[in-house]
Amino acid sequence: MSAQQLRRLDQWLANLGYCSRRAAPQFVRSGRVLVDGVRETNVARKVNSAAITVDGEALEYPHGLLIAMNKPLGVVCSHDERDGPMVYDLLPSRWMQRNPQPLTVGRLDKETSGCLIITDDGQLAHRWTSPKTQKCASFYEVTVDKPLNTYLIDTFAAGNLLLDNDSKPCLPAELIIHDDVHATLILTEGRYHQVRRMFAAEGWLVTALHRSRFGNVDVAGLAPGEWRTIHPDAV
Ligand code: URA
């Protein structure tokens, strides 16, 4: 959406999660909404997002939301509360009222921590995760249950490791072994439980998993649960 786009005031407020479209007339009558510094009660007025403030603050991410979170262990990427505490619970509750709603770009398991991209831009998410267009490498810091063997480097690089229930072998992946039980695995695809399944296929159990990077984005300096805004070109 262009930064210059004119839209109805109630559309901005509702799409960005400040209130429902139906509640917009009441919301603006409360005096919390200014347009160009002046109280505005006509919800049908077409305005630029930059002209609007709510409670004295500019609108939050009016032209799309894109963040990198350091996902903590124990939270799920699903939207179903029955799966456990959700990453979305860690974000401002207003964001979940946005339309479109923010979604994770791919998923990390409940027991995987690290770099998780969240956006309301479906096209970006698709570009970064679709098997046809994905160019982003994901860097996983892996801990395993017993000493690693260097043959794994060639096995993962060969591009012919076929995992249970998959019809195609994994794409070539780079394994960098740091010590007996620690390694970095770099993937350019994102299959279900892929890292755990690749190691399991060769007889190793992954005991800890952290995604340190997605594309060029890392979460260095972010405590678990914290996030920062990123630019699409940064990925
Ligand atoms: N591979 C896994 O096994 N789990 C993740 O969360 C991500 C990649």
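Right above here is the structure, for reference.
Structural notes, computed from the coordinates. (Residues numbered from 1 in each chain as written. Predicted model: local features only at pLDDT ≥ 70, side-chain atom pairs only at ≥ 80, totals over all residues. Heavy atoms only, no water.)

For the rest of this paragraph, the subject is the overall build of the chain. Regarding its fold elements, the chain presents 5 helices and 15 strands. With respect to the principal axes defined by its C-alpha atoms, the chain has extents near 70 × 30 × 30 Å. In the chain, which comprises 235 residues, the proportion classed as buried is 44%. Across the chain, every contact between residues at least 6 apart in sequence was considered, and the portion connecting residues at least 24 apart equals 62%. In the structure as shown, the chain presents an accessible area of about 12300 Å², 51% of it carried by carbon and sulfur atoms. Computed over 26 positive and 27 negative side-chain charges, the inter-centroid distance for the chain is 10 Å. (Helix = DSSP H or I, 4+ residues; strand = E, 2+ residues; numbered from the N terminus. Buried < 20%, exposed > 50% of the residue type's maximum accessible area, 1.4 Å probe, protein only. Contact = heavy atoms within 4.5 Å. Areas by Shrake-Rupley, 256 points an atom, 1.4 Å probe, with all protein chains shown as cover. Lys, Arg positive; Asp, Glu negative; His and termini not counted. Charge placed at Lys NZ, Arg CZ, Asp CG, Glu CD.)

If you check the shell around the ligand, you find Leu-108, Asp-109, Thr-112, Tyr-140, His-193, Gln-194, Val-195, Arg-196 and Leu-209 and nothing else. One of the backbone nitrogen or oxygen atoms of His-193 is found 3.2 Å away from an oxygen atom of the ligand. A total of 240 Å² of accessible area belongs to the ligand in isolation, and the protein chains cover 96% of it. Of all the elements, helix 5 (residues 194–201) adds the most residues to the shell around the ligand, at 3 residues. (Near = heavy atom within 4 Å. Polar contact = N/O pair within 3.5 Å; in protein donor to acceptor, adjacent residues only side chain to side chain.)

One pass over the structure, following the stated rule, counts 4 aromatic pairs. Relative to Trp-95, the ring of Tyr-61 has its centre 5.5 Å away and its plane inclined at 85°; by these criteria the two rings are edge-to-face. Separated by 34 residues along the polypeptide, Tyr-61 in the loop between strand 6 (57–58) and strand 7 (66–71) and Trp-95 in the loop between strand 7 and strand 8 (103–104) bring together distant segments of the chain. Taking 6.1 Å as the distance between ring centres and 55° as the angle between the ring planes, the aromatic pair formed by Tyr-151 and Trp-204 counts as tilted. Taken together, the residues Tyr-151 in helix 4 (residues 151–157) and Trp-204 in the loop between helix 5 and strand 13 (206–214) connect sequence positions 53 residues apart. Overall, the relative accessible area of 36% leaves Tyr-151 in the partly exposed class. Here the aromatic cluster, defined as three or more aromatic residues joined through ring pairs, consists of Tyr-61, Trp-95 and Trp-227. Here Arg-7 stacks its cationic end above the ring of Trp-12, 5.0 Å away from the centre of that ring. Above the face of the Phe-139 ring, Arg-213 is positioned so that its terminal group lies 4.0 Å from the ring centre. (Phe/Tyr/Trp six-rings, centres within 6.5 Å; stacked < 30°, edge-to-face > 60°. Lys NZ or Arg CZ within 6 Å of the ring centre and 35° of its normal.)

Strands sit in the order 3-2-5-6 across an open sheet of 4 strands; the sheet is antiparallel. The open sheet has two free edges, formed respectively by strand 3 (38–39) and strand 6, since each of these has just one partner strand. Where strand 5 (residues 52–54) meets strand 6, 2 bridges bridge the pair, whose relative direction is antiparallel. Note on strand 6: the bridge partner recorded for Val-54 is Glu-57. (Pairing = 2+ DSSP bridges.)

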